[in-house]
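These are the residues of each chain, in order.
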Amino acid sequence: MKVKVCGITNLNDAVLSAEAGADALGFIFAPVSRRLVTPEAARQAGLGVGPAVARVGVFLNQGLDEVLRTAEMARLSALQIHGNVSSLYVSQLAAYYPVLRVLRPADLAEEAGVWRADPGVTLMLDAPEPGGGQPLDWEALKSTFPAGAWLAGGLGPQNVAQAIGVLRPAGVDAVSRLESRAGVKDPEAVRAFVRAARQANPQSYPQ
Ligand SMILES: O=C(O)c1ccccc1N[C@@H]1O[C@H](COP(=O)(O)O)[C@@H](O)[C@H]1O
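Because the structure is predicted, anything quoted here is derived from the model rather than measured.

1. Structural notes on the overall build of the protein
Thinking step 1. Looking only at helices and strands, one finds 8 helices and 10 strands in the protein.
Thinking step 2. Radius of gyration (C-alpha) of the protein: 16 Å, near the 17 Å computed for a compact globule of 207 residues.
Thinking step 3. A principal-axis box enclosing the C-alpha atoms of the protein has dimensions of 45 × 40 × 30 Å.
Thinking step 4. Across the 207 residues of the protein, 50% fall into the buried class.
Thinking step 5. Relative to all contacts within the protein whose residues are 6 or more apart in sequence, the contacts with residues 24 or more apart total 53%.
Thinking step 6. When the accessible area of the protein is evaluated, it comes to approximately 9500 Å², of which 52% is carbon and sulfur surface.
Thinking step 7. Side chains of the protein give 19 positive and 19 negative charges; the mean places of these two sets differ by 4 Å.

2. Some details on the packing of helix 2 (residues 39-47) against helix 3 (residues 64-74)
Thinking step 1. Between helix 2 and helix 3, the shortest axis-to-axis distance is 7 Å and the interhelical angle comes to 40°. Here helix 3 runs oblique to helix 2, going by the angle between their axes. On helix 3, the residues that touch Pro-39, Ala-42 and Arg-43 of helix 2 are Thr-70, Met-73 and Ala-74.
Thinking step 2. Across the contact of helix 2 with helix 3, the residue classes break down as 4 nonpolar, 1 polar and 1 charged.

3. Overview of the pairing of strand 1 (residues 2-5)
Thinking step 1. Examined bridge by bridge, strand 1 and strand 8 (residues 171-174) share 4 bridges and lie parallel to one another. Its bridge partner being in strand 8, Val-3 is matched across the sheet by Val-172.
Thinking step 2. As a crossover connection, the stretch from strand 1 through helix 1 (residues 11-20) into strand 2 (residues 24-28) is right-handed.

4. Focus on the confidence of the model for the protein
Thinking step 1. Taken residue by residue, the protein gives an average pLDDT of 95. The fraction at 70 or more is 97%.
Thinking step 2. If you check the scores for this complex, the pTM reads 0.96 and the ipTM reads 0.98.

5. Quick notes on the sheet that holds strand 2
Thinking step 1. Read around the closed barrel, the 8 strands follow the order 1-2-3-4-5-6-7-8; overall the barrel is parallel.
Thinking step 2. Pairing of strand 7 (residues 150-151) with strand 8 involves 2 bridges; the strand directions are parallel. The residue of strand 8 that forms the bridge with Leu-151 is Val-172.

6. What about the UniProt feature "domain: N-(5'phosphoribosyl) anthranilate isomerase (PRAI)" (unreviewed entry) in the protein?
Thinking step 1. Residues annotated in UniProt with the feature "domain: N-(5'phosphoribosyl) anthranilate isomerase (PRAI)" (unreviewed entry) correspond here to residues 3-195.
Thinking step 2. The straight-line gap between the two end C-alpha atoms of residues 3-195 is 10 Å; of that span, 33% is helix and 21% is strand.

Thresholds, definitions, all that
- Residues numbered from 1 in each chain as written.
- Predicted model: local features only at pLDDT ≥ 70, side-chain atom pairs only at ≥ 80, totals over all residues.
- Heavy atoms only, no water.
- Helix = DSSP H or I, 4+ residues; strand = E, 2+ residues; numbered from the N terminus.
- Rg over C-alpha atoms; globule rule 2.2 N^0.38 Å.
- Buried < 20%, exposed > 50% of the residue type's maximum accessible area, 1.4 Å probe, protein only.
- Contact = heavy atoms within 4.5 Å.
- Areas by Shrake-Rupley, 256 points an atom, 1.4 Å probe, with all protein chains shown as cover.
- Lys, Arg positive; Asp, Glu negative; His and termini not counted.
- Charge placed at Lys NZ, Arg CZ, Asp CG, Glu CD.
- Axes fitted to C-alpha atoms, helices over the stretch in contact; angles between N-to-C directions.
- Parallel < 35°, antiparallel > 145°, perpendicular 65-115°, else oblique.
- Nonpolar A, V, L, I, M, F, W, Y, C, P; charged D, E, K, R; others polar.
- Pairing = 2+ DSSP bridges.
- Right-handed = clockwise from strand over helix to strand, strands pointing away.
- pLDDT = per-residue confidence, 0-100.
- UniProt positions renumbered as here; feature names shortened; annotations may be inferred.

Put into structure tokens, the structure is as follows:
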């Protein structure tokens, strides 16, 4: 299972997250975000942690050209795509980068099946308001959570093990509960989150 620490805005937080054992760092380019980062800052932070850590750019309803130009400038290794976009849009991006396609629970029935046979697109379930720190109803999602999907939404050191036990996601992702303030990581929260995710045993919660 992969662990992503999102909302990275500086080299120091990138290094502490990588040293804590994160498999992926998230850089948010959605203009509405309180963790908005420039491509240059993302490039410096992402390249500062070496080749083993994925550098995921987060986008929300942004044009294809803007996404691809930003990805190139920031030296991203993958794209996380939120928003009301077409499957053609996602497929066009997936021709250049591995894609995490973020869906809300309400979107699952309509869109989850589209990507089942596409290895270049991985689903991630998140709350309707991304970056809001609101957990999903994991029990309610048990019957529809797609195999191989990642999970986000209000995850932190205190609840990630339970979420893993209920849904067995292929990856977990968090931002709000890992910060001392928007855009700045709390080192101990990051370390505790990665540790809790790594130690979680999917068999340890009654199914
Ligand atoms: O965090 C944001 O500001 C944000 C803005 C626009 C799109 C995505 C954003 N964050 C993503 O939301 C998940 C869940 O956040 P949280 O842990 O519930 O606060 C986060 O991992 C980002 O990928």
